[in-house]
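Examining the three-dimensional arrangement
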Amino acid sequence: MNTPGRIGFVSLGCPKALVDSERILTRLRAEGYELVGDYEGADLVVVNTCGFIDAAIDESLEAIGEALDANGRVLVTGCLGARPERITDVHPQVLGVTGPHAYEAVVSAVHEHLPPSHDPFTDLVPEAGLRLTPRHYAYLKISEGCNHKCSFCIIPDMRGRLASRPLDEVMREAEALARAGVRELMVISQDTSAYGSDIRYRPVEHRGQTLETRFEDLCRALGELGIWVRLHYVYPYPHVDRVVPLMAEGRILPYLDIPFQHATPRILKLMRRPAHAENTLERIRRWREICPDLTIRSTFIVGFPGETEGDFQRLLDWLEEAQLDRVGCFEYSPVEGAAANALPDPVPADISRERHDRFMAVASRVSAERLARHVGTRMQVLVDTVEGEAAIARGPGDAPEIDGQVIVTGAPDAAPGDLLDVEVTRADTYDLHGHRVTD
Ligand code: SF4
């Protein structure tokens, strides 16, 4: 049985600060931490400070000093945390400072310095949390919000600016999921390639190493888990080039979900898309040189305001050249509150529909051609379900729910979550067929 971490807590200030303290304590207790009433018995002390008037600041600084003298491992939060230098100038040895009403930040600072323990005999919630996905795969959310301002999107208004979870916290969740039997992790966010930029790529300690909270370090650390790791919502920034070798080495799946949305610079600019000035064809070519097995999935919008037949034709040419493996397409429709609603030259609905159909005709042909290259090869697949004689599985190029499947025969004893070796015998537009091989 794991020993729970023991937390000492000092709550100063007004009733609002008291409520904050209660919330932090409730969360920590629910996570299995033990709350202790003295400094000596605690593994870590949290001081919730007040910074309202000079006397309150003095009292807070004094309480921090007392906790440091008696215990030595102190995290500071609360109103005075809004001006961290007031604390660190006097007490540079504190482990960390977070601001007022920042529950997530305090809890994650506690996790960083005193990782939570899990007792399978008494905890009501499994270590890996309650999940709605099947046991063998899970989504790993690495950040919330978005710093872009795509003109068709209102997510930044709804969910706020990018807020990345520190890398060690993400890794603890990923490790717990792997221990719980998850075989495949889908890394998700609004903008996975921007991970950590909002917290200045905060360095963290993870398994004896100092890592930075950034896309590349995260991919590297996840690649050590020995399970499938799939990247979603990546933008084609130059630094993405550095994770493609990890795919070629088999550390993470050779799969990139990149919502390109369009291909002509003029429309991408009207869409205010991130990385709209990048030469994406060149970038894709280079990625495939490094990792020939790379599957690229994307989504596109046709009929965006101002899209001419010429723009659309260039999009089709781009798609032919890019040879994207998995592609979805939406006809543009205005979203209440989105900046694109004010753009001139809307595209009539019948033209949008016609472009959608032409686009999907090319996309499905490319998909079939790309899949055909697997026939006669071997691949590892992950079984999702078993239907009669067939195991319905997915290969490295298939994310659950959105991509294709691999239908496997010759595996009567297969069960969901099994990894099977398969020889591919046939390909159709979106799915592969094959039989199990055991040698
Ligand atoms: S569409 Fe653009 S603004 Fe919306 S979440 Fe994605 S990157 Fe952010």
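Above this text is the structure in question.
What comes next is a walk through the structure. (Residues numbered from 1 in each chain as written. Predicted model: local features only at pLDDT ≥ 70, side-chain atom pairs only at ≥ 80, totals over all residues. Heavy atoms only, no water.)

Regarding unusual backbone geometry
Positive phi values are uncommon outside glycine, yet Arg 207 reaches one of about 50 degrees. Within the secondary structure layout, Arg 207 lies in the loop between strand 10 (203-206) and strand 11 (209-212). Positive phi is not limited to glycine here, since Asp 345 has a value of about 60 degrees. Here Asp 345 lies in the loop between strand 15 (326-331) and helix 12 (349-372). (Helix = DSSP H or I, 4+ residues; strand = E, 2+ residues; numbered from the N terminus.)

Observations concerning the pattern of salt bridges
Applying the stated criterion across every chain, the model contains 36 salt bridges. Between Asp 398 and Arg 326 there is a salt bridge, with its nearest N and O atoms 2.2 Å apart. Here the residue Asp 398 occupies a position in the loop between strand 17 (390-394) and strand 18 (406-409), and Arg 326 occupies one in strand 15, the gap between them amounting to 72 residues. The same class applies to Asp 398 as to Arg 326, namely buried. (Salt bridge = Lys/Arg side-chain N within 4 Å of Asp/Glu carboxyl O. Buried < 20%, exposed > 50% of the residue type's maximum accessible area, 1.4 Å probe, protein only.)

Focus on the site of the ligand
Surveying the vicinity of the ligand reveals the residues Cys 146, His 148, Cys 150, Phe 152, Cys 153, Ile 155, Pro 156, Gln 190, Tyr 235 and Arg 273. Partitioning the shell around the ligand into residue classes produces seven nonpolar, two polar and one charged. (Near = heavy atom within 4 Å. Nonpolar A, V, L, I, M, F, W, Y, C, P; charged D, E, K, R; others polar.)

Thoughts on the packing of helix 6 (residues 167-179) against helix 7 (residues 215-222)
The interhelical angle for the contact between helix 6 and helix 7, taken along N-to-C directions, is 25 degrees, at an axis separation of 11 Å. Classified by the interaxial angle, the pair formed by helix 6 and helix 7 is roughly parallel. Crossing handedness for the pair helix 6 and helix 7: right-handed. Counted together, Leu 167, Val 170, Met 171 and Ala 174 of helix 6 and Asp 217, Leu 218, Ala 221 and Leu 222 of helix 7 form the full contact between these two elements. Its residues assigned to classes, the contact of helix 6 with helix 7 shows seven nonpolar, no polar and one charged. (Axes fitted to C-alpha atoms, helices over the stretch in contact; angles between N-to-C directions. Parallel < 35°, antiparallel > 145°, perpendicular 65-115°, else oblique. Left-handed = near helix turned anticlockwise from the far one by under 90°. Contact = heavy atoms within 4.5 Å.)

Quick look at the side chain of Ser 164
Among the structural elements, Ser 164 can be located in strand 8 (residues 163-164). Note on Ser 164: relative accessible area 9%, which makes it buried. At a separation of 2.9 Å, a polar atom in the side chain of Ser 164 contacts the main-chain amide nitrogen of Gly 196. At a separation of 2.5 Å, a polar atom in the side chain of Ser 164 contacts the side chain of Asp 198. Not counting the four nearest positions on each side in its chain, Ser 164 is found in contact with Ile 142, Ser 143, Tyr 195, Gly 196, Asp 198 and Ile 199. (Polar contact = N/O pair within 3.5 Å; in protein donor to acceptor, adjacent residues only side chain to side chain.)

Re helix 6
Structural remark: α-helix, 3.6 residues per turn; residues separated by three or four positions point the same way. Counted at 1.5 Å a residue, the expected span for helix 6 with its 13 residues is 18 Å, and the 18 Å between its end C-alpha atoms agrees. Residues Leu 167, Asp 168, Glu 169, Val 170, Met 171, Ala 174, Glu 175, Ala 176 and Leu 177 constitute the buried set of helix 6. Where helix 6 is buried, its residues contact helix 4 (103-113), strand 6 (137-141), strand 9 (184-188), strand 10, strand 11 and helix 7. Gly 181 sits one or two positions beyond helix 6 and adopts a positive phi of about 105 degrees. (Expected span 1.5 Å × (residues − 1).)

Considering the pairing of strand 12 (residues 228-231)
One face of the sheet, then the other: side chains in a regular strand alternate in exactly this way. Residues of strand 12 alternate between two faces, with Trp 228 and Arg 230 on one and Val 229 and Leu 231 on the opposite face, all of them buried. Pairing of strand 9 with strand 12, which is carried by four bridges, proceeds in the parallel orientation. By the bridge assignment, Val 187 is partnered in strand 12 with Leu 231. (Pairing = 2+ DSSP bridges.)

Description of the state of the cysteines
Counted according to the given criterion, the structure contains zero disulfides. The cysteine Cys 79 is free of any disulfide, with Cys 50 supplying the nearest cysteine sulfur at 5.8 Å. A relative accessible area of 37% places Cys 79 in the partly exposed class. No disulfide involves Cys 219; its nearest neighbouring cysteine sulfur is the one of Cys 291, lying 13 Å away. Assessed through its relative accessible area of 1%, Cys 219 is described here as buried. (Disulfide = S-S within 2.5 Å.)

Describing the nonpolar core
Side chains of a nonpolar character, in soluble globular proteins, are inclined to be buried together. Core analysis: the largest hydrophobic core is formed by 57 residues, its most contacted members being Leu 231, Leu 324 and Phe 359. Considering every element that reaches this core, the biggest residue donor is helix 11 (residues 309-322), with six residues. If we ignore the near neighbours within four places in the chain, the residues touching Leu 324 are Phe 260, Ile 284, Arg 288, Ile 296, Ser 298, Phe 300, Trp 318, Leu 319, Val 366 and Arg 370. (Core = buried A, V, L, I, M, F, W, Y, C linked by side-chain atoms within 4.5 Å.)

Description of the pairing of strand 1 (residues 6-11)
As defined by bridge partners, strand 1 adjoins strand 2 (residues 34-36) across three bridges and the pair is classed as parallel. What sits directly across from Ile 7, in strand 2, is Leu 35. Between strand 1 and its parallel partner strand 2, the chain crosses via helix 1 (residues 15-30), and the hand of that crossover is right-handed. Sheet topology places strand 1 next to strand 3 (residues 44-49); five bridges connect them, and they run parallel. (Right-handed = clockwise from strand over helix to strand, strands pointing away.)

Observations concerning a negative patch on the surface
Residues Asp 54, Asp 58, Glu 59, Glu 62, Glu 66 and Asp 69 make up a contiguous surface patch of negative charge. Relative to the elements of secondary structure, Glu 66 occurs in helix 2 (residues 54-70). According to the relative accessible area criterion, Glu 66 is partly exposed, its value standing at 46%. (Patch = residues over 30% accessible without salt bridge, like charges linked within 9 Å, V, L, I, M, F, W, Y side chains within 5 Å. Areas by Shrake-Rupley, 256 points an atom, 1.4 Å probe, with all protein chains shown as cover. Lys, Arg positive; Asp, Glu negative; His and termini not counted. Charge placed at Lys NZ, Arg CZ, Asp CG, Glu CD.)

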